[in-house]
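Chain and residue survey
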Amino acid sequence: MNSTRPLPERLTTGSAAFDRILGGGLPMRSVNVIAGEPGAGKTLFALQTLFHLARQGKKSLYFTTLSEPSLKLIGHGQQFSFFDARLVDREVVFADLGSVLRTKGGEAAINEIAMRVEREEPAIVVIDSFKAVRDILGDASAVRSFVYDLAVHMTSWGATTLLVGEYTEAEISTQAEFTVADGIIRFINWRHDLTSIREVEILKLRGADYVTGRHFFEIGSDGLAFFPRVRSPDTVATETVSTPERVSTGVGGLDGILGGGLPRASATVVQGATGTGKTLLGLHFLLEGARRGEAGILFTLEETADQLRGIALGFGWDLLALENGGLLTLSYVSPVELSTDTFLDRARQLVEKLGARRAVLDSLTSMALGIHSERRFKELVYAVTKHFRALGVTLYMNMEIAELLGSIQLSGYGISFAADNVVQLKYVEVEERLERGISVLKARGVRHATGVRKMSFETHGIAVGAHFEGTRAVLTGHRGVPRGRAV
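Treat the numbers as computed from the prediction; the structure is a model and nothing was measured.

Some thoughts on the pattern of salt bridges
For the coordinates displayed, the defined rule picks out 28 salt bridges. The closest approach of N and O atoms between Asp-345 and Arg-348, which form a salt bridge, is 2.8 Å. Here Asp-345 and its partner Arg-348 are both found in helix H14 (residues 340-354), three residues apart, which amounts to about one turn of the helix. Taking relative accessible area as the criterion, Asp-345 reaches 2% and is therefore assigned buried. Arg-348 sits in the partly exposed class, given a relative accessible area of 21%.

Re the side chain of Asp-362
As for its placement among the helices and strands, Asp-362 is situated in strand E17 (residues 358-362). Among buried Asp, Glu, Lys and Arg side chains, Asp-362 stands out as unpaired, with Lys-278 the closest opposite charge at 6.9 Å. There is a polar contact of 2.7 Å between the side chain of Asp-362 and the side chain of Thr-279. At a separation of 3.1 Å, a polar atom in the side chain of Asp-362 contacts the side chain of Asn-398. Not counting chain neighbours up to four residues away, the residues in contact with Asp-362 comprise Thr-279, Leu-298, Phe-299, Thr-300, Leu-301, Glu-302, Glu-303 and Asn-398.

Observations regarding the pairing of strand E21 (residues 453-458)
Across three bridges, strand E20 (residues 433-443) lies against E21 in antiparallel orientation. Bridge pairing in E21 places Gly-437 opposite Lys-454. Alignment of E21 against strand E22 (residues 461-467), held across five bridges, turns out to be antiparallel. Bridge pairing in E22 places Ser-456 opposite Ala-463. Remark: two residues form the turn of the hairpin made by E21 and E22, two consecutive strands paired antiparallel.

Topic: the packing of aromatic side chains
Applying the stated criterion to the full structure yields 17 aromatic pairs. Centre to centre, the rings of Phe-51 and Phe-83 are 4.9 Å apart; their planes meet at 50°, and the pair counts as tilted. Of this pair, Phe-51 sits in helix H2 (residues 42-55) while Phe-83 sits in the loop between helix H3 (70-77) and strand E5 (92-96), placing them 32 residues apart in sequence. On the numbers, 4.8 Å between centres and 80° between planes, the contact of Tyr-167 with Phe-178 is edge-to-face. Here Phe-178 lies in helix H9 (residues 176-180) and Tyr-167 lies in the loop between strand E7 (160-165) and helix H8 (169-172), a separation of 11 residues in the sequence. Considered together, Tyr-167 and Phe-178 belong to a single accessibility category, that of buried residues. Grouped by ring-pair contacts, the aromatic residues Phe-18, Phe-45, Phe-187, Phe-217 and Phe-226 constitute a single cluster. For Arg-358, the ring lying beneath its charged end belongs to Phe-285, and the centroid distance is 4.7 Å.

Calculation notes
- For every chain, the first residue of its written sequence is number 1, and the numbers climb from 1 along that sequence.
- Note on the predicted model: pLDDT of at least 70 is required for a residue's local features to be given, and 80 or more for side-chain atom pairs to be given and counted; whole-chain, interface and lining totals, by contrast, use all residues.
- Note that the side-chain values use all heavy atoms of the structure and ignore hydrogens as well as water.
- In what follows, salt bridge is the name for a side-chain nitrogen of Lys or Arg lying within 4 Å of a carboxyl oxygen of Asp or Glu.
- A run of DSSP states H or I qualifies as a helix once it reaches four residues; a run of E qualifies as a strand once it reaches two. Both are numbered from the N-terminal end.
- Any residue under 20% of the maximum accessible area for its type is buried, any over 50% is exposed, and the rest in between are partly exposed; the area is computed with a 1.4 Å probe on protein chains only.
- Two residue types count as positive, namely Lys and Arg, and two as negative, namely Asp and Glu; His and chain ends fall outside the count.
- For the purposes of these results, a polar contact is taken to be a pair of N or O atoms within 3.5 Å, where, inside protein, one atom must be able to donate a hydrogen and its partner to accept one; residues adjacent in sequence count only when each atom of the pair is a side-chain atom.
- By definition, residues are in contact when any of their heavy atoms lie within 4.5 Å.
- Any two strands with at least two DSSP bridges between them are considered paired.
- Each pair of aromatic rings taken from Phe, Tyr and Trp, with Trp reduced to its six-membered ring, is defined by centres within 6.5 Å and is described as stacked if the planes are under 30 degrees apart, edge-to-face if over 60, and tilted in the remaining cases.
- Geometrically, a charge over a ring is one whose NZ (Lys) or CZ (Arg) sits within 6 Å of the ring centre while staying within 35 degrees of the ring normal.

This is how it looks when you write it as structure tokens:
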């Protein structure tokens, strides 16, 4: 039975991404605690939201609890593009609450807030820092009464409230304001090795279908930019029962092994040791798409765009001409500063923006360096394959494996389950020399050829030939143990 109850009205924060995380924005007339340690981005978030609402004609009231802090807030806000001095004292009104609290107590502070709210009629009220209110009032029962009275008054006035405070994780579970609050938003700034990682988490938001878990955000000249954690898309692409369209890999011999190419909108993992030709095979795939008028994008965490152009020129391929024609995009991100969810969220947005039909991710091995959990890595790979499938994009992902010689082992990261197709590149020891080989270990819904084919680098690129037959070749199996000779 479908509910006919209308959804609660929302206030947008100015960030479409964060509004999605919140399930549509901040519920109107709600009381929300914005928690986090100093420097986590709480005050900046509040200011960014207020100036965004001010541009929509919605008034806000910003109570400070420190002496003459509005000058500091204005000076700080002027560093960001969202700040507009013309809106100060007109749509964004600052007021001092700290002096009333210190000299007259909590009841007088509530009366001060009531007087200013009734006069200004704001859509949103901020108290920063609310933790200072607790420190000034001292007594736990006094704090609880203050929070309760504030919540009742704000609801009756129709204003949405943000209580900003420097709370630790332990304080969130014990202090009265978190019990009374409709929403709890926690900003986190933690260090991993030499890098600093910023995250935000919605711990509570009554009446909202918010996205659980932690989400990355960055602070730049425009303020806070949010990146919802990568998860499976809300809608899954409809599977058709007819024979799927095939996509050429750009290498005729590999297309032959696959019985005509890769299924459209499938995900392929190409794994192999260093130097086996994974990146080159990915370039073939994108160049073939460009030849057919399909836009493609290469997300590289290893070679820079200039390095890739240089590699391609060695085979007579002019990548720059394709880039200028809008058929190819090279997107490089250094793995040293990689925020994985942020990278994948931007990758998905870029694919949508460019209308790309083919995408290469080079490589999953480098991407794994930015993930602190093997389980999270598997979740990310699974989610990105589903997102790209939903966009109708055929996805090619490289992964390096440690074995120098060919192995029958699937990916050591255990992500082959997320791929429709798995192609393995390997070195094959033939007598006293090494040759390259290629085989298809998995091709979902495709009757593919088995066995290892010869693969070579020619002047025009990769060539895939016949099986390794008629020679004495040792194919090294799992853990380097010879598994037999092909004669």
